Amino acid sequence: MQTLPLFISGAEMAFIMFILVMVFGADKIPEIAKGLGKGMRSIKNATNDIKSEVMRSAEKHGMDTSVGDDVKKEVDKVKEEIEELTGSVKRRF
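Asks: Before we go on, may I ask you to explain the overall build of the protein chain in this structure?
Replies: A count of helices and strands for the protein chain gives three helices and zero strands. In the protein chain, the succession of α and β elements from N to C terminus is α-α-α. A total of about 9,000 Å² of accessible surface is found on the protein chain, and carbon and sulfur atoms cover 64% of it.

Here's what the structure looks like:
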């Protein structure tokens, strides 16, 4: 049995979809999905705007903005070391 990231099985997802169809009707589900997509896109855009504004403000005040790059490099290095350590061992979920 394969599970989703939130530990919801396929049968549970099917049941949730069945309830959604019963409550909203098949003709309203695409509209709801479209609205959710627009909402997610606007949240992503707002997050990117805030991030760029913070970066611009930090650069304007002479702060070092390369800390994130340094952290990313260290994380990548640790990932590579773990890959070398585990070798061909792979887990199945």
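Asks: Explain the pattern of salt bridges here, please?
Replies: Two side chains of opposite charge can pair, provided their charged atoms sit close to one another. Scanning all chains against the criterion turns up three salt bridges. Here Asp76 and Lys72 are joined by a salt bridge, their closest N and O atoms 3.5 Å apart. Here Asp76 and its partner Lys72 are both found in helix α3 (residues 67–86), four residues apart, which amounts to about one turn of the helix. The class of Lys72 is exposed, set by a relative accessible area of 51%.

Reading the values: rules and limits
- Residues numbered from 1 in each chain as written.
- Predicted model: local features only at pLDDT ≥ 70, side-chain atom pairs only at ≥ 80, totals over all residues.
- Heavy atoms only, no water.
- Helix = DSSP H or I, 4+ residues; strand = E, 2+ residues; numbered from the N terminus.
- Areas by Shrake-Rupley, 256 points an atom, 1.4 Å probe, with all protein chains shown as cover.
- Salt bridge = Lys/Arg side-chain N within 4 Å of Asp/Glu carboxyl O.
- Buried < 20%, exposed > 50% of the residue type's maximum accessible area, 1.4 Å probe, protein only.

Purely geometric numbers; function is a separate question.
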